[in-house]
Amino acid sequence: MSDSIKNPLYDAQQTAFAEKLKDMLLARHGKKPKAYIVTYGCQQNVSDSEKIKGMLHVCGYEFTDSPEDAQFILFNTCAVRGHAEDRVLGNVGAMKKHKKENPDIIIAICGCMAQQQVNADRFTKSYPYVDIIFGTQVTHRLPEFIYKRITSQKRIKELALDNEKIVENVPICRDGTFKAFVSVMYGCNNFCSYCIVPYVRGAERSRESKEIIKEVEELVAAGYKEIMLLGQNVNSYGLGLKEDINFARLLRRINEIDGDFRIRFMTSHPKDCTIELLETIRDCEKIERHLHLPFQSGSNRILKMMNRRYTRESYLSLIESAKEIIPDVTFTSDIIVGFPGETKPDFEETLSLIKQVEFLSLFTFIYSPRNGTPAAIMDDPVSREEKGEWFSRLLKLQEEIENKKREEYIGKTYRVLAEEISVKTGRLVGKSSNGIGVEFPANKNLIGEFCTVKIIGYENAFIGEIIR
Ligand code: 5AD
Ligand code: SF4
């Protein structure tokens, strides 16, 4: 973990709580306290956990990978599908005995699942050993919550979701030393009918461009090589800001920052993906030639029921425009199989769309009903088994497409950011400027560096050789 703690004075009140906690925690535990953080879900959660670690560091905590060593245990949760929730419930449940044996430790739950009233109530009632429950918009008040929990003996529950202004300059302990997340906006206004995110993350709020630029400048100056811009729908960046800006113009400004670094971003909503954005990607050498463009379903009937606000035809025409405008562009996507009321012919349309686009890779999900969303009360007659069969067909088709597409990439040369050593093969593993994962034999000193790599074959992964 890099120690890139920012100005700890992000909020005078919280800094005061943190200062008081430092001495109090030392006295309470008789040593420097340790924190154990578990993060579920998307990059936004990972990014939030980096801020949580930043605040804990200011409070005097060190970090550990083992819950047994920790005096503070936090679960940053995800509510996007049932599977993620079940894992959280299981892992929090396992803390019961630990807390009984160590009553001085503090257990906290935050993130999207905590934000839902039904889950927050469940944690309050059935998990009495959970000390602090807090929602997605009050994360910056963590020092206060810990302080109040220790001094008042009362459990803390804070779920305010008032979409107030964004708190800047929260200290950050970044997990990576050369790849960094930078949020450009928070929340979502889209209300896709299956999705819990707008309810648990609140309305869209964009950060002022000067704050984003400042953060990226600092990261680049500190040697970061990949900046991943985050937002539920980055393409609607700028909404509600006083300044006259949109995502494409923000990208152009970030691209102008001096230094050798790569810009990535996710997620793009197809309905807001403009030709201006595609031309910006073409024109800016630092932006990766890859679009993560979730289409969810290939059937117009289902897209309408999902409230996605684009059609199969407009999606395909966007893909065509991107292919024309951006040489060597690749696409990835998210797909939901078995949305309520989806029929076999609807599903076949998803398959045919996949064949037409030929995605680099796919993130595929079986529909999971989310309490409180419109889709959760729609008729859902197709059995789990049948959805499972559809899902397997989808995976098989995508595998065939990936096998076929492979030939296209062999022989090509890309700029690859070396990320890590593969434990299996001992080769360096990295990503090309258009999102292709490549393994290549090279010295581990090159981790965190850009290498020019020619793809020469495929053995469970693309294999390359360094040519410069
Ligand atoms: N069921 C299944 N998948 C979902 N996603 C979001 N909500 C659900 C749900 N209720 C998927 C979508 C989204 C991705 C992040 O998670 O494909 O793009
Ligand atoms: Fe959920 Fe749709 Fe918003 Fe994505 S755009 S976070 S799928 S509501």
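Structure first, text after, so check above.
Below: a short report on this structure. (Residues numbered from 1 in each chain as written. Chains lettered and ligands numbered in written order. Predicted model: local features only at pLDDT ≥ 70, side-chain atom pairs only at ≥ 80, totals over all residues. Heavy atoms only, no water.)

Turning next to helix α7 (residues 142-152). Taken across its 11 residues, α7 has 8 buried, putting it largely inside the fold. The secondary structure elements touched by the buried residues of α7 are α1 (12-29), α2 (43-58), β3 (72-77), β4 (106-111), β5 (132-134) and β6 (156-158). (Buried < 20%, exposed > 50% of the residue type's maximum accessible area, 1.4 Å probe, protein only. Helix = DSSP H or I, 4+ residues; strand = E, 2+ residues; numbered from the N terminus. Contact = heavy atoms within 4.5 Å.)

Quick look at the pattern of salt bridges now. Between side chains of opposite charge, a pair can form as their charged atoms come close. Under the definition given, this model contains 36 salt bridges. The shortest N-O distance in the salt bridge between R174 and E215 comes to 2.6 Å. You can see R174 sitting in the loop between β6 and β7 (179-183) and its partner E215 sitting in helix α9 (residues 209-221), a full 41 residues away along the chain. The pair R174 / E215 is uniform in exposure class, with both members buried. (Salt bridge = Lys/Arg side-chain N within 4 Å of Asp/Glu carboxyl O.)

Taking 1.5 Å of rise per residue, the 12 residues of helix α3 (residues 82-93) would be expected to cover 16 Å, and the 16 Å separating its terminal C-alpha atoms lies within 8% of that figure. Burial in α3 covers these residues: G82, A84, E85, V88, L89 and V92. Projection of α3 onto a plane perpendicular to its axis shows the buried side chains occupying an angular sector of 160°, all on one side. Counted as exposed and oriented over 90 degrees from the buried face of α3: H83 and D86. Against β3, α4 (95-101), β4, α5 (112-115) and α6 (117-126) lie the buried residues of α3. (Expected span 1.5 Å × (residues − 1). Arc of directions from axis to C-beta.)

Angle between the axes and distance between the axes: these two values describe a pair of packed helices. In the contact formed by α1 and α7, the axes pass within 8 Å of each other and the chain directions differ by 45°. Considering the angle they form, α1 stands oblique to α7. The way α1 lies across α7 gives a crossing that is left-handed. In contact with Q14, F17, A18, K20, L21, M24, L25 and R28 of α1, α7 contributes L142, P143, E144, I146, Y147, I150 and T151. For the contact of α1 with α7, the residue count by class is 10 nonpolar, 2 polar and 3 charged. (Axes fitted to C-alpha atoms, helices over the stretch in contact; angles between N-to-C directions. Parallel < 35°, antiparallel > 145°, perpendicular 65-115°, else oblique. Left-handed = near helix turned anticlockwise from the far one by under 90°. Nonpolar A, V, L, I, M, F, W, Y, C, P; charged D, E, K, R; others polar.)

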